[in-house]
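# Chain and residue survey
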Amino acid sequence: MHPIVSQLYDQLRLPVICSPMFIVSGPELVIAQCASGVVGSMPALNARPQDQLSPWLTRIESGLAALRERDPGRKIAPYAINLIIHTSNDRVEPDLEVCAQHKVPIIITSLSAPHRVVDAVHGWGGKVFHDVTTIRHAQKALEGGVDGLILVTAGAGGHAGTTNPFALIGEIRRFFDGPLILSGAMSRGDDIAAALAAGADFAYMGTRFIASAEANAADGYKQAIVNSTSKDILYTPFFTGIPGNYLKSSISAAGLDPDNLPVVDKSSANFGSTRSKPWKDIWGAGQGVGNIDEVLPVADIVARLEYEYHRSIQRLNERFTNQVEFAR
């Protein structure tokens, strides 16, 4: 087992990293996720204005420190911060400086080659996991020195890729034996087991935690997650210039026709601090929404995932045993 994977497993209740979600992820959600034994994360850009980021990190760190002091034997996971390193994001350097001051344990980079931040993060002892959707992205990220890859495959919420997860894992495992985190329509404990069986080390879960008590999401957003199935998800680049998955109901509520959106390209992408936000009520979600039936506290979600995960492992063991007996 890779040393980074082994180190993280020792700190986790489940092999799960919670994905950072625009607006939805904040200190309360991150603390609840880490306290439940899975890696919690949030985008640095969710802290607005920029000088709010350091107080948010202090709040997360002090909250987790208090939990560790009260219950030393409890598995409390490290947290992660997402840096969108797209060229339009003028907050990358100031946000990176704040992360350095706090020695954030895990940095998740996305939407551009991560070379500009890797050395800085390694300088304070942090690890860098980078979002990739293709083999080319994966190779460029590894050339930049990242510690692990997040495979954002078909069906994932947010800025997802289009490649089948089995295909992408298999091809990347041909040249990389380090930490792999798999994203794509994961909302059950069975999905976690499947990710590991396919060759990943961790499952990357976001949409399941939108429908949580601690998520910074409108009640209508949470209920839309519960009410939706995979057919209610639309993949389009219209809202950010980069293809992503969104709830059709929120698109219709904004007065748009999900089946007739204008064509846009990457040149319209803007993640700068001065960007306008005409689509703040367009709700991202992955295709795993059909397996989410209710809004629950994070602790209850993780407990259910854990039960489902172990039940899935047990079922596979029983089937393997039966196959061995049949072969005899």
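Every chain's residues receive numbers from 1 upward, in the order its sequence appears when written. Local features in a predicted model are, by the rule used here, given only for residues with pLDDT of at least 70; side-chain atom pairs are given and counted only at 80 or more, and totals for whole chains, interfaces and linings are based on all residues. Computation of side-chain values covers all heavy atoms of the structure but excludes hydrogens and water.

This part takes up the overall build of the protein. A tally of regular secondary structure across the protein gives 11 helices and 10 strands. The C-alpha radius of gyration computed for the protein amounts to 19 Å, which stays within 12% of the reference 20 Å derived for 328 residues, consistent with globular compactness. Structurally, the protein occupies a C-alpha span of about 65 × 45 × 40 Å along its principal axes. Relative accessible area decides the class of each residue, using a 1.4 Å probe on protein chains only: under 20% of the type maximum gives buried, over 50% gives exposed, and in between gives partly exposed. Within the protein, buried positions represent 52% of all 328 residues. The contact criterion used is simple: two residues touch if any of their non-hydrogen atoms lie within 4.5 Å. A fraction of 66% describes how many contacts in the protein between residues 6 or more apart in sequence connect residues 24 or more apart. To be clear on the numbers: accessible area is Shrake-Rupley with a 1.4 Å probe, and residue cover counts the displayed protein chains and nothing else. For the protein, the accessible surface area stands at approximately 14700 Å², while carbon and sulfur atoms represent 50% of it. The charge count treats Lys and Arg as positive and Asp and Glu as negative. His and the chain ends do not count. The atom standing in for a charge is NZ when the residue is Lys, CZ when it is Arg, CG when it is Asp and CD when it is Glu. For the protein, the distance from the average position of its 29 positive side-chain charges to the average position of its 33 negative side-chain charges is 1 Å. Strands are runs of DSSP state E lasting at least two residues, helices are runs of H or I lasting at least four, and both sets are numbered from the N terminus onward. To get the radius of gyration, use the C-alpha atoms; to get the globule rule, take the number of residues to the power 0.38 and multiply by 2.2 Å.

In this analysis, the expected span of each helix is defined as 1.5 Å times one less than the number of residues it contains. With 18 residues, helix α3 (residues 53-70) should cover 26 Å at 1.5 Å per step; its first-to-last C-alpha distance of 26 Å lies within 8% of that length. Against the buried residues of α3 lie α2 (27-35), β2 (40-43), β3 (79-84) and α4 (92-102).

Positionally, S312 belongs in helix α11 (residues 298-327). Setting aside anything within four residues of it in sequence, one finds S312 in contact with D190 and A193.

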